[in-house]
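Chain residues, written in single-letter form:
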Amino acid sequence: MQVLIIGSLSGELGVAARIAAARGATLAQAETVDAALECLRADARTDLIICDVTHDFGALMRRLAAERFTTAVVAAGAENDEKAAVDAIRAGAREYLPLPPDSDLIAAILSAVSTEQKGEFIARDPAMRAVLSQADQVAPSTASILITGESGTGKEVLARYIHERSRRRKGPFVALNCAAIPDTLLESELFGHEKGAFSGAIARRTGKFEAADRGTLLLDEIGEMDARLQAKLLRTLQERTVDRIGGDRPVPVDVRILAATNVDLRSAIADGRFREDLFFRLNVMTLRIPPLRQRPGDIAPLAHHFVAHYARLNEVGTKHLTSRAVERLLAYSWRGNVRELENTMHRAVLLSSGPMIDVEHIGIPTEAEEPSHLLSPHAHATAGDTIGSLVGQRVEDVEQALILETLNHCLGNRTHAATILGISIRALRNKLREYAARGADVPAPHNGVAA
């Protein structure tokens, strides 16, 4: 992870920076907001900004928004300065980091912004081992690879695995979620822009393609990309040059493309939503990650890994799963795949008071993996009682309650919640904006120790 520190490194902020570096972050530093913006314009690889609140934090957030930067921002300030913390969160900070810094809270913040372990992939099931075997074969090549699979299966983790085993492993790995950024901003994120190209373009800015030069660029959720941008992407891949918005000459780039999607691109082609020529350009090799329910041999190893990780992160001592808990995990259908399993284990670590995590701490029903027509008569009766209790309520109120409860269940993870609800991530974000405007308590997008 690349972290930009705004402020002096001579005091407690410097201690926080050194802790982040010890946790594996690559650091850049700027003394002022102006200098920080210069760094961001020149290098699109910054994943996180940590800003001392003694600077004008509100102005920083306004300028980031004006220049279309989507980088996560954490405010850092005195532990007892509640007003600064509230003001920073209201201005748009992802988190408030109290100073003097706590090393585990910094680790949690880094984990919340980038939960993927670099190049790590836990795979014990034969189905997943077969996928990794294919990945090992194609990783050293220069071919574009299309990674498919349901949401939450670990497509970005596999992409990092491939990069770490490629000839470009010493170069940058840059990931961009095409569904998480509005179409109006995505073009600038990908290709960069020149000064004056549009309102708010006050300086030249490099895009993800240039940031990934001599390395690997992962285009996640490629199936959500607008048709106009698909055409520009295809031209970039063919010509191996980038046309910045407002630019007068192409910029050569040397980038290996990995694309990931949970959409059936062949169906999208038939529906006119995805370009066939771009599909063939990306689909030199396809790696399909099976859903977690089709690789049961991975469930227990992944669960043990997440329990150890979150127990360490939350400083709650060593935790272990009971045999009953493991049996319950193996019987569940895991519609949200590895991401749902991770969130479930995180919650179980927080709910268990002793060293053992049992069934009651996991919080998943026994019949969740079965179709509704196979449920017991008692389950049908319970479902009927629940539906009956909704009579008299407005549809929009029921929908809001369902969405917010699902989001709480997912510890604020938008992608996972959208998967469970069966709606797009954009539709979910629009709903959450409406609820927040009405005064509803919407869970924060990322959750670390503080959450």
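Located above this text is the structure these notes cover.
Only a predicted model underlies this, so the values are computations on that prediction, with no experimental measurement involved. (Residues numbered from 1 in each chain as written. Predicted model: local features only at pLDDT ≥ 70, side-chain atom pairs only at ≥ 80, totals over all residues. Heavy atoms only, no water.)

Novice: How would you explain the packing of helix 6 (residues 126–138) against helix 7 (residues 155–164) if you had to name every residue and give the values?
Specialist: The interhelical angle for the contact between helix 6 and helix 7, taken along N-to-C directions, is 40°, at an axis separation of 9 Å. The two elements helix 6 and helix 7 cross, and the hand of that crossing is right-handed. Counted together, Val131, Leu132, Ala135 and Asp136 of helix 6 and Leu158, Tyr161 and Ile162 of helix 7 form the full contact between these two elements. For the contact of helix 6 with helix 7, the class distribution of residues is 6 nonpolar, no polar and 1 charged. (Axes fitted to C-alpha atoms, helices over the stretch in contact; angles between N-to-C directions. Helix = DSSP H or I, 4+ residues; strand = E, 2+ residues; numbered from the N terminus. Left-handed = near helix turned anticlockwise from the far one by under 90°. Contact = heavy atoms within 4.5 Å. Nonpolar A, V, L, I, M, F, W, Y, C, P; charged D, E, K, R; others polar.)

Novice: Can you lay out the sheet that holds strand 6 (residues 145–148) for me, pointing to particular residues and giving the numbers?
Specialist: Pairing within the open sheet is parallel, and its 5 strands lie in the order 7-8-11-6-12. The open sheet has two edge strands, strand 7 (173–177) and strand 12 (285–288), and neither has a second partner. Strand-to-strand twist in this sheet, taken as the mean axis angle between neighbours without regard to direction, amounts to 20°. Pairing geometry for strand 8 (residues 215–220) and strand 11 (residues 255–261), over 5 bridges, is parallel. Bridge pairing in strand 11 links Gly215 to Val255. Its contacts with the sheet put helix 6 on strand 6, strand 11 and strand 12, and the angle it makes with strand 12 is roughly 155°. (Pairing = 2+ DSSP bridges.)

Novice: Just give me the short version of the nonpolar core, but keep the residues and values in it.
Specialist: Core analysis: the largest hydrophobic core is formed by 33 residues, its most contacted members being Phe209, Ile222 and Phe274. Of all the secondary structure elements, the ones that give two or more residues to this core are strand 7, helix 8 (183–191), helix 9 (208–211), strand 8, helix 10 (227–239), strand 11, helix 11 (265–270) and helix 12 (276–282). Excluding its chain neighbours within four sequence positions, the residues that come into contact with Ile222 are Cys178, Leu233, Ala259, Ala260, Thr261, Leu265, Phe274 and Leu282. With 27 residues, the next largest nonpolar core counts Phe306, Ala325, Trp334 and Val349 among its residues. (Core = buried A, V, L, I, M, F, W, Y, C linked by side-chain atoms within 4.5 Å. Buried < 20%, exposed > 50% of the residue type's maximum accessible area, 1.4 Å probe, protein only.)

Novice: So what about the pairing of strand 2 (residues 26–30)? Which residues, and what values?
Specialist: Looking at chain direction, strand 1 (residues 2–6) and strand 2 are connected through 5 bridges and run parallel. Along strand 2, the bridge assignment pairs Val3 with Leu27. Between the parallel elements strand 1 and strand 2, the chain passes through helix 1 (residues 12–22) in a crossover that is right-handed. (Right-handed = clockwise from strand over helix to strand, strands pointing away.)

Novice: Describe the packing of helix 18 (residues 395–409) against helix 20 (residues 425–437), with residues and values.
Specialist: Their axes nearest at 11 Å, the elements helix 18 and helix 20 cross at an angle of 110°. Judged on the interaxial angle alone, helix 20 and helix 18 are roughly perpendicular. Counting all contacts with helix 18, which are made through Glu399, Gln400, Ile403, Leu404 and Leu407, the residues of helix 20 involved are Leu428, Lys431, Leu432 and Tyr435. (Parallel < 35°, antiparallel > 145°, perpendicular 65-115°, else oblique.)

Novice: Tell me about the packing of aromatic side chains, residues and numbers included.
Specialist: Counted by the stated rule, this structure contains 3 aromatic pairs. With centroids separated by 4.5 Å and ring planes inclined at 90°, the aromatic side chains of Tyr332 and Trp334 adopt a geometry described as edge-to-face. Exposure remark for Trp334: the relative accessible area of 0% places this residue in the buried category. (Phe/Tyr/Trp six-rings, centres within 6.5 Å; stacked < 30°, edge-to-face > 60°.)

Novice: A description of the sheet that holds strand 2 should follow, citing residues and the corresponding values.
Specialist: Spatially, the 5 strands line up as an open sheet ordered 2-1-3-4-5, and their pairing is parallel. Of all the strands in the sheet, just strand 2 and strand 5 (95–99) have a single pairing partner and so form its edges. Between one strand axis and the next, the sheet turns by 25° as a mean value, whatever way the strands run. Summarising the sheet, strand 1 and strand 3 (residues 48–52) pair through 4 bridges and their orientation is parallel. From the neighbouring strand, Ile5 faces strand 3, where its bridge partner is Ile50. Along the sheet face, helix 3 (residues 57–66) touches strand 1, strand 3 and strand 4 (72–78) and points at about 175° away from the line of strand 4. In the packing of helix 4 (residues 82–91) onto the sheet, contacts are made with strand 4 and strand 5, and the angle to strand 5 comes to roughly 155°.

Novice: Got a sec to walk through unusual backbone geometry? Specific residues and values, please.
Specialist: With an omega of 5°, the peptide bond running from Leu99 to Pro100 counts as cis. In this fold, Pro100 is placed in the loop between strand 5 and helix 5 (103–113). Unusually for a residue other than glycine, Arg214 sits at a positive phi of about 70°. Among the residues examined, Arg214 registers a relative accessible area of 59% and is labelled exposed. Phi is positive for Glu221, close to 55°, though the residue is something other than glycine. With respect to the helices, strands and loops of the structure, Glu221 is situated in the loop between strand 8 and helix 10.

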